[in-house]
2 protein chains.
Amino acid sequence: MRIAVDAMGGDHAPVEVVKGCVEASRLISHEICLVGDEPRIREELAKYEYNRNQVTVKHAPDVITFEEAPVRAIRTKKESSMVVGINMVKDGEAAIFISAGSSGAIMAGGLFILGRIPGIDRPAIAATIPMLKTGGVALIVDAGANPECKVENLMQFAVMGNLYCKSVFDMEAPRIGLVNMGTEAGKGSGTLKTTYEELTASSLNFVGNVEARDLQESVCDVILCDGMVGNVLLKNLEGTAKTIMSIIQAKFTENVRTKMGAALLLPQIRELKKMFDYSEYGGAPILGVKGALIKMHGSYKANGVKNTILKAIPYAENNVVASIEESVAAMSAAASKEEESSEQQ
Amino acid sequence: MRIAVDAMGGDHAPVEVVKGCVEASRLISHEICLVGDEPRIREELAKYEYNRNQVTVKHAPDVITFEEAPVRAIRTKKESSMVVGINMVKDGEAAIFISAGSSGAIMAGGLFILGRIPGIDRPAIAATIPMLKTGGVALIVDAGANPECKVENLMQFAVMGNLYCKSVFDMEAPRIGLVNMGTEAGKGSGTLKTTYEELTASSLNFVGNVEARDLQESVCDVILCDGMVGNVLLKNLEGTAKTIMSIIQAKFTENVRTKMGAALLLPQIRELKKMFDYSEYGGAPILGVKGALIKMHGSYKANGVKNTILKAIPYAENNVVASIEESVAAMSAAASKEEESSEQQ
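Residues numbered from 1 in each chain as written. Chains lettered and ligands numbered in written order. Predicted model: local features only at pLDDT ≥ 70, side-chain atom pairs only at ≥ 80, totals over all residues. Heavy atoms only, no water.

A. The arrangement of the environment of B:Tyr164 in detail. Residues and elements named next belong to chain B. Tracing the backbone shows Tyr164 in helix α6 (residues 151-168). Taking the C-alpha atoms as reference points, Tyr164 and Asn318, 154 residues apart in sequence, are found 9.7 Å from one another. Excluding residues within four positions of it along the chain, Tyr164 makes contact with Leu139, Phe169, Pro285, Leu287, Tyr315 and Val320. (Helix = DSSP H or I, 4+ residues; strand = E, 2+ residues; numbered from the N terminus. Contact = heavy atoms within 4.5 Å.)

B. Region of interest: the relation of the copies chain B and chain A. Overlay of chain B on chain A (RMSD 0.1 Å): rotation 180°, translation along the axis 0.0 Å. Look at the turn and shift together and you get a two-fold axis relating the two. Across chain B, the smallest distance between a C-alpha and the rotation axis is recorded for B:Gly261, namely 2.0 Å. (Least-squares fit on C-alpha atoms with pLDDT ≥ 70 in both.)

C. Looking closely at the interface of chain B and chain A. Facing 54 residues of chain B, the contacting portion of chain A comprises 54 residues. Note on chain B versus chain A: buried area summed over both sides is about 4,800 Å², and carbon and sulfur give 71% of it. Where chain B packs against chain A, one counts six salt bridges. In this structure, B:Lys235 and A:Glu211 form a salt bridge, with 2.2 Å as the shortest nitrogen-oxygen distance. Summed over the shared surface of chain B and chain A, the number is 14 residue pairs in polar contact (both at pLDDT 80 or more). No other element matches helix α8 (residues 227-252) of chain B, which puts 20 residues into the side of chain B that touches chain A. Across the side of chain B that touches chain A, the residue classes tally to 25 nonpolar, 18 polar and 11 charged. (Buried area = accessible area lost by both parts, 1.4 Å probe. Salt bridge = Lys/Arg side-chain N within 4 Å of Asp/Glu carboxyl O. Polar contact = N/O pair within 3.5 Å; in protein donor to acceptor, adjacent residues only side chain to side chain. Nonpolar A, V, L, I, M, F, W, Y, C, P; charged D, E, K, R; others polar.)

D. Main features of the packing of α6(B) against helix α7 (residues 190-201) of chain B. Residue and element names in this part refer to chain B. Viewed as axis vectors pointing N to C, α6 and α7 meet at an angle of 45°, and their least axial separation amounts to 9 Å. If you check the angle between α6 and α7, you find them oblique. α6 and α7 meet at a crossing whose hand is right-handed. Seen from α6, the contacting residues are Val151, Leu154, Met155 and Ala158; seen from α7, they are Thr191, Leu192, Thr194, Thr195, Glu198 and Leu199. (Axes fitted to C-alpha atoms, helices over the stretch in contact; angles between N-to-C directions. Parallel < 35°, antiparallel > 145°, perpendicular 65-115°, else oblique. Left-handed = near helix turned anticlockwise from the far one by under 90°.)

E. The arrangement of the confidence of the model for chain A in detail. Residue-level pLDDT values for chain A average 92, and 98% of them are 70 or greater. Predicted complex metrics record ipTM = 0.88 and pTM = 0.91. (pLDDT = per-residue confidence, 0-100.)

F. Expanded view of α8(B). All names here are of chain B. Relative to the 38 Å expected for 26 residues at 1.5 Å per residue, α8 spans 37 Å between its end C-alpha atoms, a close match to the ideal helical length. Within α8, 22 of the 26 residues are buried, which leaves it mostly tucked inside the rest of the structure. Where α8 begins, one side-chain oxygen reaches toward the backbone nitrogen of Met228, 3.0 Å away; that side chain belongs to Asp226. (Expected span 1.5 Å × (residues − 1). Buried < 20%, exposed > 50% of the residue type's maximum accessible area, 1.4 Å probe, protein only.)

G. Representation of the packing of aromatic side chains. Residues and elements named next belong to chain A. Within this structure, the stated rule accounts for seven aromatic pairs over all chains. Between Tyr164 and Tyr315, the ring centres sit 5.3 Å apart and the planes meet at 55°, which makes this aromatic pair tilted. Residue Tyr164 is found in helix α6 (residues 151-168), and its partner Tyr315 is found in helix α11 (residues 302-317); the two are separated by 151 residues along the sequence. For the pair Tyr164 and Tyr315, a shared accessibility class is recorded, and that class is buried. An aromatic cluster is present here, built from Tyr164, Phe169 and Tyr315 joined pairwise through their rings. The aromatic ring of Phe112 is capped on one face by Arg75, whose charged end is 4.3 Å from the ring centroid. (Phe/Tyr/Trp six-rings, centres within 6.5 Å; stacked < 30°, edge-to-face > 60°. Lys NZ or Arg CZ within 6 Å of the ring centre and 35° of its normal.)

H. Representation of the pairing of strand β1 (residues 2-6) of chain B in the model. Residue and element names in this part refer to chain B. Taken across its five residues, β1 has four buried, putting it largely inside the fold. Taken together, the five bridges between β1 and strand β2 (residues 31-36) define a ladder with parallel strand orientation. Bridge pairing links Ile3 to Ile32 in β2. Taken together, β1, helix α1 (residues 15-25) and β2 form a β-α-β motif whose crossover is right-handed. As paired strands, β1 and strand β4 (residues 96-99) are joined by three bridges and run parallel to one another. Paired with Ala4 across the two strands is Phe97, which belongs to β4. (Pairing = 2+ DSSP bridges. Right-handed = clockwise from strand over helix to strand, strands pointing away.)

I. Up close: the sheet that holds β1(B). Residues and elements named next belong to chain B. Read from one edge of the open sheet, 11 strands run β3-β2-β1-β4-β11-β10-β5-β6-β9-β7-β8, paired in mixed fashion. Strands with a single pairing partner mark the edges of an open sheet, and in this sheet they are β3 (55-59) and β8 (206-210). Averaged over all pairs of adjacent strands, the angle between strand axes in this sheet comes to 25°, irrespective of strand direction. Alignment of strand β10 (residues 284-287) against strand β11 (residues 293-295), held across two bridges, turns out to be antiparallel. Within β11, the position partnered with Pro285 by the bridge is Ile294. Running over the sheet, α1 touches β1, β2 and β3 and is turned about 170° from β2.

J. Looking closely at empty space enclosed by the protein. Residues and elements named next belong to chain A. For the coordinates displayed, the defined rule picks out six cavities of 30 Å³ or more. In this structure, the largest cavity spans a volume of roughly 70 Å³. Put simply, the parts of the chain that give the lining of the largest cavity at least two residues each are α6 and α11. Examining the composition of the lining of the largest cavity, we find that three residues originate from one element, α11, more than from any other. Classifying every residue of the lining of the largest cavity gives six nonpolar, four polar and one charged. (1 Å grid on protein atoms, 1.4 Å probe; cavity = no way out; pocket = protein on both sides within 12 Å on 5 of 7 lines; lining within 4 Å. Points joined across faces, edges and corners; volume = space filled by probe spheres on them.)

K. How the structure looks around the nonpolar core. Residues A:Leu233, A:Ile309, A:Tyr315, B:Leu233, B:Ile309 and B:Tyr315 are the most contacted members of the largest nonpolar core, which totals 220 residues. If we skip the residues at most four places from it in the chain, B:Ile309 touches B:Ile3, B:Val5, B:Cys21, B:Ala24, B:Ile28, B:Ile32 and B:Ile98. Core analysis: the next-biggest nonpolar cluster, separate from the first, contains 26 residues, A:Ala241, A:Leu265, A:Met275 and B:Met275 among them. (Core = buried A, V, L, I, M, F, W, Y, C linked by side-chain atoms within 4.5 Å.)

L. Main features of the pattern of salt bridges. Under the definition given, this model contains 26 salt bridges over all chains. For B:Glu31, the salt bridge identified is with B:Arg2, shortest N-O distance 2.9 Å. Taken together, the residues span a long stretch of sequence, with B:Glu31 in strand β2 and B:Arg2 in strand β1 at a distance of 29 residues. Among the residues examined, B:Glu31 registers a relative accessible area of 18% and is labelled buried. The structure contains a network of salt bridges with shared partners spanning A:Arg40, A:Glu43, A:Glu44 and A:Lys47.

M. Quick peek at the sheet that holds strand β6 (residues 137-141) of chain A. All names here are of chain A. Taken in spatial order, the 11 strands make up an open sheet running β3-β2-β1-β4-β11-β10-β5-β6-β9-β7-β8, and their pairing is mixed. Edge positions in the sheet fall to β3 (55-59) and β8 (206-210), since each has one partner strand and no second. Here the average twist between neighbouring strands, direction ignored, is 25°.

N. Up close: a negative patch on the surface. All names here are of chain A. On the surface, Asp121, Glu152, Glu197 and Glu198 cluster together into a negatively charged patch. When you line up the elements, Glu198 lands in helix α7 (residues 190-201). With a relative accessible area of 38%, Glu198 lands in the partly exposed category. (Patch = residues over 30% accessible without salt bridge, like charges linked within 9 Å, V, L, I, M, F, W, Y side chains within 5 Å. Areas by Shrake-Rupley, 256 points an atom, 1.4 Å probe, with all protein chains shown as cover. Lys, Arg positive; Asp, Glu negative; His and termini not counted. Charge placed at Lys NZ, Arg CZ, Asp CG, Glu CD.)

Below you can see the structure in the form of structure tokens.
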């Protein structure tokens, strides 16, 4: 299997991306292909010992920046690392493409180069978040692709999130929770009320409405919401954890006594830090396009890149994209059969 | 000034509510009137030393529960502590009414008993959150009353939040931030885009889009968003802080060594706990109704009740409700004048 990685995307590209890829290559046997400006990538690669058959380079001289209008950039910059990488997935040259570049561009690239899976109206970004208490994880869908969603979008996100959790996290029957302002049925907007009813009627393991307050109590595995709410959840968690860690750091180094206390607690403080370190949890797949694409956090350093590659392997190997295609096709077939039979009555 | 408090609302009523009122009465000179079942309240009051002229009781034999449909409950339970208390505000018998009862009921009571301020289409819940790093606060509007909002609702929330921060937090020019998925203009839904433009054109101190990740960096004073997003923000912050504190507690008591470390850090850990304790920050006003109503967290104990009363005083004393009425009337007058002159052209 070949894993293509955008060497030019993100705040620390290509230095940290190349480093992360070399580190990942030492832990796996799959080929990692760095996509981007070849001379620049070779310059970075020269710093390390690596297997030349396993870490390869695909030249792409152009770069799409965060400032560019995504759709226009994808359409005009054919030689960019983003477009070349996504085309590798399209042409079967790579099983997956990973990028820390602009979310808008990877989304547009997915839509225009790979296309939507038939039956999926809007692709979604799925982000893995840590369940701090249990040590497990949960998946937020949508984490920011679609600020406004209809019932059918949310239902499709639920189906995709369910399959992702089954395949990648090895969960038997992922618990689907609908983010709402209260846990009672009948809460929230009309869209949420109808989605609640449809989820109840579906074969998914729907556990009802969930409140943002209880998410860390691991009340569900798929945190279902529109992209605005998902984005707020994800970023708020990240911001709050970061703030709390920086306050702890400041308070625990206040004086000699606190420094002694902190020294005794050092292994526990390190564990806490690791828990809150977002680069431990890998990137976010774009679910709903005809190919495996993963968006990494723009701020990821080598460790984040390495972890994203490692976590991407089951997604590509278990061919989650094909499972989604099959499930959605089966759903559409069942729906049209139902329609037909109700027309005949 | 008389402050009316719902003695029967919340998880720990009347025990903790009465205790909190007595504690608050020792710190202020205003009258606190406990509204609810008089014999039950007197029984609780008998446990304390208090000034009988300052802590009074208004009998209301009925209670509205969390399970009841809010509008129906407000319309039928005329003798409930909630309805009696809100009527005290309407009749000028109390400057403010505070309740830890059902949000839906207090909202419905505000709408049906007091009525909306002319020019405000939808009242909002405004929640104060701590800025952990700076020790300051920020105001989320709407924190959960309106899951879906139009541009005009958000604009009205901005005006009300601005006046609240000026009067209650003594801010000169509160910074209004619009919660969005990115900080650039042109992000998010159509509603958010138009709101961005209108805020830019307004006389408010609009600082642009803000991301959930940066809120703890004190990027704005009024966190403007629809009720769904506000509710998620508020509850996620609460849940994350609670989880992190419980993990710290568990990790720091793991063994003899960590317990020694924690003992050395005890004052710092206590400070952290206090920072994350939501009962330190008081209740949430219902902005946009013709009277001062404050909703407390259902789980508040005496300390939360006491703090809510203390923080409610500037809201009532500075007559923020009247300021909102005046501002909105002036805005409407200006808008209709503009319309008139454009018609004449």
